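Here are the chains, one letter per residue:
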Amino acid sequence: MNKIILLFLASYIIGSISGSLILGKFWNIDIRNFGSKSAGGTNALRTVGALFALLTVIVDISKGLIPAYLIGYYFNYGEIEMMVGAFGAIIGHVYPIFYKFNGGKGAGTLLGSLIVLSPLSISYVLSVWIVSLVLSGFVGLSTILAAFTLFIYSVVKLNFNFQVFSLLIFIFILFTHRQNIKRMIQRSENRFTKVMIFKRK
């Protein structure tokens, strides 16, 4: 049990390193003061631009990939330990200890962990995310559907441990996107209209 706690805490610390806030020092901006108030890649794109967002996403993905990979390497690829590390990094990204527990929403860090935990699931998850985005324009909805796809994939293809992990991830993604859900219900959520196939006139 002590090992699991230490792995979680170490991964949480890594996850707490916010790419957008570190980069913001060079851009002289804190994106949590703008847009959706999130420190994640989507708000980075909206508030600063493509280069800033790309660098942010790379950091966010790395925060999920590195703990899962290192834990796998040093602990004989024990899947429970790797999942604990991945979840710790995701929690750290959303609630970073270095930035007053105000971070992103977890999607990029989750994607990074999947590169190690279940690379074959990524094509399904990203496909659903992209299709949903170009049809709806809602990034939050697309992320929620992608997380749900991961859960369905785990039920069909993977074992019980991963099913529990993916269910917890789906619930957590719903929680982190609760304001997006509220705004969608109120019809006040922003859309990425530039990528939409069917645009409202």
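Model, not experiment: these values are computed from the prediction.

Participant: What is the right way to look at helix α4 (residues 50-74) in this model?
Facilitator: The periodicity of an α-helix, 3.6 residues per turn, causes residues three or four places apart in sequence to face the same way. Spanning 25 residues, α4 covers 36 Å between terminal C-alpha atoms, matching the ideal 36 Å at 1.5 Å per step. Residues of α4 that are buried include every one of F52, A53, T56, D60, I61, K63, G64, P67, A68, I71 and G72, and no others. In the core, the buried residues of α4 are packed alongside α1 (2-15), α2 (19-27), α3 (41-47), α5 (79-94) and α6 (107-117).

Participant: How should the nonpolar core be read in this particular structure?
Facilitator: A general feature of soluble globular proteins is that nonpolar side chains tend to end up buried together. By size, the foremost hydrophobic cluster in this structure holds 24 residues, and its most contacted members are L110, L114, L117, L150, F162, F165 and I169. Elements that contribute at least two residues to this core include exactly α1, α5, α6, α7 (122-136), α8 (139-157) and α9 (160-176). By size, the runner-up hydrophobic cluster in this structure holds five residues, among which are I31, A44, F52 and A53.

Participant: I would appreciate a short explanation of the confidence of the model for the chain in the present structure.
Facilitator: Keep in mind that low pLDDT regions are not for reading the predicted coordinates in detail. Taken as a whole, the chain shows an average pLDDT of 89; of its residues, 98% reach a score of 70 or greater. Per-element averaging of pLDDT across the chain places α3 at the bottom with 80 and α8 at the top with 96.

Participant: Would you take a moment to explain the packing of α5 against α6 for this structure?
Facilitator: Helix packing for two helices is described by the angle between their axes and how far apart those axes are. Where α5 contacts α6, the axes come no closer than 9 Å and their chain directions differ by 165°. As far as their axial angle goes, α6 and α5 are roughly antiparallel. Crossing handedness for the pair α5 and α6: right-handed. Contacts from M82, M83, A86, A89, I90 and H93 of α5 reach α6 at T109, L110, S113, V116 and L117. For the contact of α5 with α6, the per-class residue count stands at eight nonpolar, three polar and no charged.

Participant: For this particular structure, what's the right way to read the packing of aromatic side chains?
Facilitator: Any pair of aromatic rings gets described here by the distance separating the centres and the angle formed by the planes. For the structure shown, the criterion picks out eight aromatic pairs. Measuring from centroid to centroid gives 5.3 Å for F148 and F170, while their planes differ by 55°, and the two rings are tilted. Within this pair, whereas F148 is found in helix α8, its partner F170 is found in helix α9, the two being separated by 22 residues in sequence. Judged by its relative accessible area of 36%, F148 is partly exposed. Between F162 and F165 the ring centres are 5.4 Å apart and the planes differ by 65°, which places this aromatic pair in the edge-to-face class. Remark: F165 and F162 occur in helix α9; sequence separation between them is three residues, near one turn of the helix. Overall, the relative accessible area of 4% leaves F162 in the buried class. For F165, a relative accessible area of 5% translates into the label buried. In this structure an aromatic cluster arises from ring pairing among Y69, Y73 and Y74.

Thresholds, definitions, all that
- Residues numbered from 1 in each chain as written.
- Predicted model: local features only at pLDDT ≥ 70, side-chain atom pairs only at ≥ 80, totals over all residues.
- Heavy atoms only, no water.
- Helix = DSSP H or I, 4+ residues; strand = E, 2+ residues; numbered from the N terminus.
- Expected span 1.5 Å × (residues − 1).
- Buried < 20%, exposed > 50% of the residue type's maximum accessible area, 1.4 Å probe, protein only.
- Contact = heavy atoms within 4.5 Å.
- Core = buried A, V, L, I, M, F, W, Y, C linked by side-chain atoms within 4.5 Å.
- pLDDT = per-residue confidence, 0-100.
- Axes fitted to C-alpha atoms, helices over the stretch in contact; angles between N-to-C directions.
- Parallel < 35°, antiparallel > 145°, perpendicular 65-115°, else oblique.
- Left-handed = near helix turned anticlockwise from the far one by under 90°.
- Nonpolar A, V, L, I, M, F, W, Y, C, P; charged D, E, K, R; others polar.
- Phe/Tyr/Trp six-rings, centres within 6.5 Å; stacked < 30°, edge-to-face > 60°.

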